[in-house]
Amino acid sequence: MYADVILPLPLSGLFTYSVSAEMQDKIRRGMRVTVPFGRRKYYTAVVAKVHRQPPGNFTIKEIHSLIDPAPVVTERQLELWEWISFYYLSSQGDVCKAALPSPMMPADLERGYIQKSEEQFRLNPAFDDADISATIQRAPKQQILLDEIMWFLTEHEKDSLSRKEVKELNGYSPVALNSLIKKEILFPFTIEKSRLHRETASNRSPYPLSEEQQKALDAIQHSFSDKQTVLLHGATSSGKTEIYIHLIDQLLKEGKQVLYLLPEIALTTQLTLRLQSVFGDKIGIYHSGIDDQERTEIWQKMLSETPYEIILGVRSSLFLPFRRLGLVIVDEEHETSYKQQDPSPRYHARDTAIMLAHISGVKTLLGSATPSIESYYNAQTGKYGLVTLDERFGKIEAPLIRLQNTKDLRRRKKMKSLLAPVLMEEINTALENGEQAILFRNRRGFAPMIECTACAWTPKCNHCDVTLTYHKKVHSLVCHYCNATYPLPAECPSCHEGELKTLGTGTERLEEEVSQLFPGAIVGRMDSDTTRGKDSFERIIHDFQENRIQILVGTQMISKGLDFENVRVVGIIAADSMLNYPDFRSHERGFQLMIQAAGRAGRRDKQGMVIIQTADPEQPIYRFITRNDYVSFYQSQIAERKLFKYPPFTRLISIVLKHKDEHKVEYGATSFARLLKRSLGNKVLGPNKPVVSRIQQLHIREILLKIDHATSPTQVRELIKSTESRLRENNDFKQILLYYNVDSI
Ligand code: ADP
Ligand code: ZN
Ligand code: ZN
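Each chain has its residues counted from 1, running along the sequence as written. Just so you know, chain letters begin at A and ligand numbers begin at 1, following the order they were written in. Per-residue local features are limited, in this predicted model, to residues with pLDDT of at least 70; the limit for side-chain atom pairs, both in listing and counting, is 80 or more; totals at the level of whole chains, interfaces and linings are taken over all residues. Excluding hydrogens and water, the side-chain figures rest on all heavy atoms present in the structure.

Undergrad: Looking at this structure, I do not really get unusual backbone geometry. What am I missing?
TA: The phi angle of most residues is negative, glycine excepted, and most peptide bonds adopt the trans form. Cis geometry marks the peptide bond from Asp 342 to Pro 343, where omega comes out at -5°. Strands are runs of DSSP state E lasting at least 2 residues, helices are runs of H or I lasting at least 4, and numbering of each runs from the N terminus. Mapped onto the fold, Pro 343 is located in the loop between β13 (325–331) and α11 (349–360). Cis geometry marks the peptide bond from Gly 686 to Pro 687, where omega comes out at 10°. Along the polypeptide, Pro 687 turns up in strand β29 (residues 684–688). Even without glycine at this site, Ser 237 takes up a positive phi of about 65°. Its location among the elements puts Ser 237 in the loop between β9 (229–234) and α8 (240–253). Partly exposed residues are those whose accessible area sits between 20% and 50% of the maximum for their type, while under 20% is buried and over 50% is exposed, using a 1.4 Å probe and protein chains only. For Ser 237, a relative accessible area of 36% corresponds to the partly exposed category. Positive phi, normally seen in glycine, also occurs at Lys 645, with a value near 55°. Within the element layout of this structure, Lys 645 appears in the loop between α19 (630–643) and β28 (650–659).

Here it is as structure tokens:
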């Protein structure tokens, strides 16, 4: 007998091992095994297939040991892994690595699960009562100990107990315990310290829904009767979350589990508290702030008889094992952080969630105030259901959005600072009334550019093809691509004559200037420089909510789904900069960012105000934004996408090549593109030099494939892979770093 296993390594394909006679009736797909691989190395691997087909004529190694008595990766999960690996052109090993918490996959024989002296014990779920009594029929001492262990677990509502707890049982003897372990009735494993059992009691039932919310909920359910996926397009604060809560409540009553996806860890805090108030400790939280050990515990709990009923998490939480999944919710579905950029698998969590739901035979609910063009298109064409919720909850008025023409104001000498007079006035009024203001600038640091007044020299990174940003606090120039820092030169290194002038405004300068303009106010800043420390993000949010910060300056971080109650005005500084970068999605992104930022304005009973500072107010996008007219915006975008054959009319596969030597990468990319063009013709674009064409010493080239829906996804992928292996035979190509980014954004 043979087993094909997935090794958690970036190698394509499965690896075949032979299965020893004693392992044959135990081993199954989804179990972990220890296998020899490479020289003197052992790895933990996941069994993908058990079969009797002897592999070709090479010597085959034997599986060293079987770790699990029952699969730890479910059939559906493995199916999802296979899909991700196929669709996103990544190895199953990469998918496995992304999916399983690392303590579950120790890379040698000395660590983790495989160790024999373990701390915790649980019952082997593969045994039922009949098996057990057959196994220990004539061993009364083992029977007694086992009965006491079962009693203990039921009494304490736990799935495992520690060695110490076993020792305290009346029937304990080392021999009896060891026999139970040997017979695999008890299963030992390590837990450093379980932190899962935090007591959090629910204290409210879901709020009764407003008429509009109820209508939306009914429409969602009605739509689920014939659509697998429904998009809830609801304004910010329209009460989408409360609708989710009602849906979750219903599903839990049917004994189902719900996966609730959020784009960012930052958003989980507010939502966790809100969901806990209704669902107490039925919720498991899963994101990058949770350490590996706790992830492992969550995984095990999900496999147990008492799994979490709700999982609230970021993209990786869709890899957890669900046994009774009933619904997937993807909140803020438009967020680009749902797409994994690095490392492989570069999957889109929204689309993968829809696939997970499909495999599990359940529905997906997407929610957003500013849906992605792709999702809205799917809703328009009937692939998804569409439910719209226009009003803010409690009939609070949507904020008034006004444009300020900074070019004109400058010409008329009205711009005395970075802020337009109207914005100044609004902030002053806010401060007088004890209200708050938010200022949004999509650029961190003090000044995005430094320039010599005489020769126009600008400092660049030594490792990347980018200009450096001046950060005042550390008095240095910083590369935003590789984080290298450089001292600010005392004089221009090129002409030694001119003065070095800072150009442009980042959040750091904005904060400084605002502090000077409003000397009495407490100004806070939120960007990736001020939120590095643990909990610093939460602290800033909390301070703002408690009114300890009056004016909050920040990057797009502040625009994301956070609920504030006392914000009179939101100012968007240098709005054009969000629209003017060369990407077909720049307007979509800009629209989303501005509408989402605007959504932070508004108080309990009064209308909020949003002021957008632009030098180019005639751009049509501003008309859509000021009228908060998503549908017209969508129509303008979809027409363009159609004209230029962009998604959703095509699917993009980006092929990225990197090498230290620019000639090599250029040669490799050209050859790759040429070969692809033979079959795909003008669907192949490039190779192109990306806007930033060198990062961390590596020169970059990109080939873009625009694949229409008539082309078979399988054929395209096979073509790409075979082309790659053909090129890999060439020595010049061998050292080129190459990866694929499917549905790149
Ligand atoms: P969204 O998710 O669309 O941004 P929320 O669900 O957060 O909107 O609702 C906005 C605010 O209105 C929240 O403070 C929420 O607690 C409140 N809210 C929403 N629906 C109800 C309801 N049915 N009863 C009471 N308060 C509600
Ligand atoms: Zn100079
Ligand atoms: Zn750099």
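What follows continues from the structure just given.
Undergrad: Would you mind going over the domain arrangement of the protein with me for this structure?
TA: Interface size is often expressed as the accessible area that is lost when the parts come together. The domains assigned to the protein are domain 1 (2–104), domain 2 (117–192), domain 3 (211–394), domain 4 (397–447 + 504–640) and domain 5 (650–742). Where each domain begins and ends is defined by an automated method or by a domain database. Computed over C-alpha atoms only, the centres of domain 2 and domain 5 are separated by 56 Å.

Undergrad: I keep staring at the site of ligand 1 and nothing clicks. Help me out?
TA: Nearness is judged by heavy atoms alone; a residue qualifies as near a molecule or strand once a single heavy atom is within 4 Å of it. Close to ligand 1 lie 15 residues, the nearest being Pro 208, Gln 213, Lys 240, Thr 241 and Arg 274. The backbone of Pro 208 places a nitrogen or oxygen atom 2.8 Å from a nitrogen atom of ligand 1. Between ligand 1 and Lys 240, the relevant distance is 2.8 Å, taken from an oxygen atom to a main-chain nitrogen or oxygen of the residue. Surface accessibility follows the Shrake-Rupley procedure with a 1.4 Å probe radius. Residue values consider only the protein chains on display as shielding. Notes on ligand 1: free accessible area 550 Å², of which the protein chains cover 79%. Among the elements that make up the shell around ligand 1, the one with the highest residue count is α8 (3 residues). For this scheme, ten residues count as nonpolar: Ala, Val, Leu, Ile, Met, Phe, Trp, Tyr, Cys and Pro. Four count as charged, namely Asp, Glu, Lys and Arg, and the remainder, Gly too, count as polar. Partitioned by chemical class, the residues of the shell around ligand 1 number 5 nonpolar, 6 polar and 4 charged. Distance and chemistry together define a polar contact, namely a pair of N or O atoms within 3.5 Å, with one atom able to donate a hydrogen and the other to accept it when in protein, and with adjacent residues in sequence counting only for side-chain atoms on both sides.

Undergrad: I'm lost on the nonpolar core in this one. Help?
TA: In globular proteins that are soluble, nonpolar side chains generally tend to be buried together. Definition used in this section: a nonpolar core is a set of buried Ala, Val, Leu, Ile, Met, Phe, Trp, Tyr and Cys residues joined via side-chain atoms within 4.5 Å. Membership of the largest hydrophobic core comes to 143 residues, with the highest contact counts inside it found for Trp 81, Ile 572, Leu 657, Phe 672 and Leu 705. Two residues qualify as a contact provided that any one of their heavy atoms is within 4.5 Å of a heavy atom in the partner residue. What Ile 572 contacts, discounting residues up to four positions off in sequence, is Phe 440, Met 578, Met 594, Ala 597, Val 610, Ile 611, Ile 612 and Gln 613. By size, the runner-up hydrophobic cluster in this structure holds 18 residues, among which are Ala 521, Val 523, Ile 551 and Val 569.

Undergrad: Explain the coordination of the zinc ion (ligand 2) to me, please; I cannot follow it from the model alone.
TA: As a benchmark, a tetrahedral metal site with four donors has ideal angles of 109.5 degrees, while an octahedral site with six donors has ideal angles of 90 or 180 degrees. The donor definition counts N, O and S atoms within 2.8 Å of each metal and applies 3.2 Å to Na, K and Ca; water is not among these atoms, so some sites may look incomplete. Protein coordination at the zinc ion (ligand 2) comes from Cys 452 (SG), Cys 455 (SG), Cys 492 (SG) and Cys 495 (SG), with a distance range of 2.2 to 2.3 Å. All donor residues of the zinc ion (ligand 2) come from one chain, and their arrangement in sequence is C-x2-C-x36-C-x2-C. Placement of Cys 455 in the loop between β18 (449–452) and β19 (469–471) and of Cys 492 in the loop between β21 (485–487) and β22 (500–503) is noted, with a sequence separation of 37 residues between them. Cys 455 sits in the partly exposed class, given a relative accessible area of 33%.

Undergrad: What exactly am I supposed to notice about α19 here?
TA: The α-helix advances 3.6 residues per turn, and as a result positions three or four apart in sequence lie on the same side. Spanning 14 residues, α19 covers 20 Å between terminal C-alpha atoms, matching the ideal 20 Å at 1.5 Å per step. Within α19, burial applies to Tyr 630, Phe 633, Tyr 634, Gln 637, Ile 638 and Arg 641. Viewed along the axis of α19, the buried residues span an arc of 125°, placing them on a single side of the element. Turned more than 90 degrees away from the buried face of α19, the exposed residues are Lys 642 and Leu 643. To estimate how far a helix should extend, the number of its residues minus one is multiplied by 1.5 Å. Picture the helix axis, draw a direction to every C-beta atom, and the arc is the one those directions span.

Undergrad: Sorry, what's going on with the packing of aromatic side chains here?
TA: Any two aromatic rings considered together are summarised by their centre-to-centre distance and by the angle between their planes. Only centres within 6.5 Å qualify two rings of Phe, Tyr or Trp (six-membered ring in Trp) as a pair; their planes then separate them into stacked at under 30 degrees, edge-to-face at over 60, and tilted for everything else. For the structure on display, the rule yields 18 aromatic pairs. Consider the rings of Phe 544 and Phe 564, whose centres lie 4.9 Å apart with planes at 85°: the pair is edge-to-face. Placement of Phe 544 in helix α16 (residues 536–545) and of Phe 564 in the loop between β24 (551–554) and β25 (566–572) is noted, with a sequence separation of 20 residues between them. Each of the two residues, Phe 544 as well as Phe 564, counts as buried. Feature note: the residues Tyr 376, Phe 591, Phe 624, Tyr 630, Phe 633 and Tyr 634 constitute an aromatic cluster, connected by ring pairs. In our convention, an over-ring charge means Lys NZ or Arg CZ found within 6 Å of a ring centre and within 35 degrees of that ring's normal. The ring of Tyr 286 has Arg 295 sitting right over it, with the charged end atom 4.8 Å from the ring centre.

Undergrad: It is not clear to me how the coordination of the zinc ion (ligand 3) should be interpreted in this structure. Could you clarify?
TA: Each protein donor to the zinc ion (ligand 3) is listed here as Cys 461 (SG), Cys 464 (SG), Cys 479 (SG) and Cys 482 (SG); together their distances run 2.2 to 2.4 Å. Geometry is assigned from the angles between donors: four donors with all angles from 85 to 135 degrees make a tetrahedral site, four or six donors whose opposite pairs exceed 155 degrees while the rest stay between 65 and 115 make square planar or octahedral sites respectively, and everything else is labelled irregular. For the zinc ion (ligand 3), the 4 donor atoms in the first shell make angles of 107 to 112° at the metal, so the coordination geometry reads as tetrahedral. All donors to the zinc ion (ligand 3) come from one chain, and their sequence spacing reads C-x2-C-x14-C-x2-C. Taken together, the positions of Cys 464 in the loop between β18 and β19 and Cys 479 in the loop between β20 (476–478) and β21 put the pair 15 residues apart, joining distant regions of the chain.

Undergrad: What should I look at first to understand the side chain of Thr 370 in this one?
TA: Looking at the secondary structure, you find Thr 370 in the loop between β14 (363–368) and α12 (373–380). With a relative accessible area of 0%, Thr 370 lands in the buried category. A distance of 2.9 Å separates a polar atom in the side chain of Thr 370 from a polar atom in the side chain of Gln 596. Aside from chain neighbours lying at most four places away, what touches Thr 370 is His 334, Phe 591, Gln 592, Ile 595, Gln 596 and Tyr 630.

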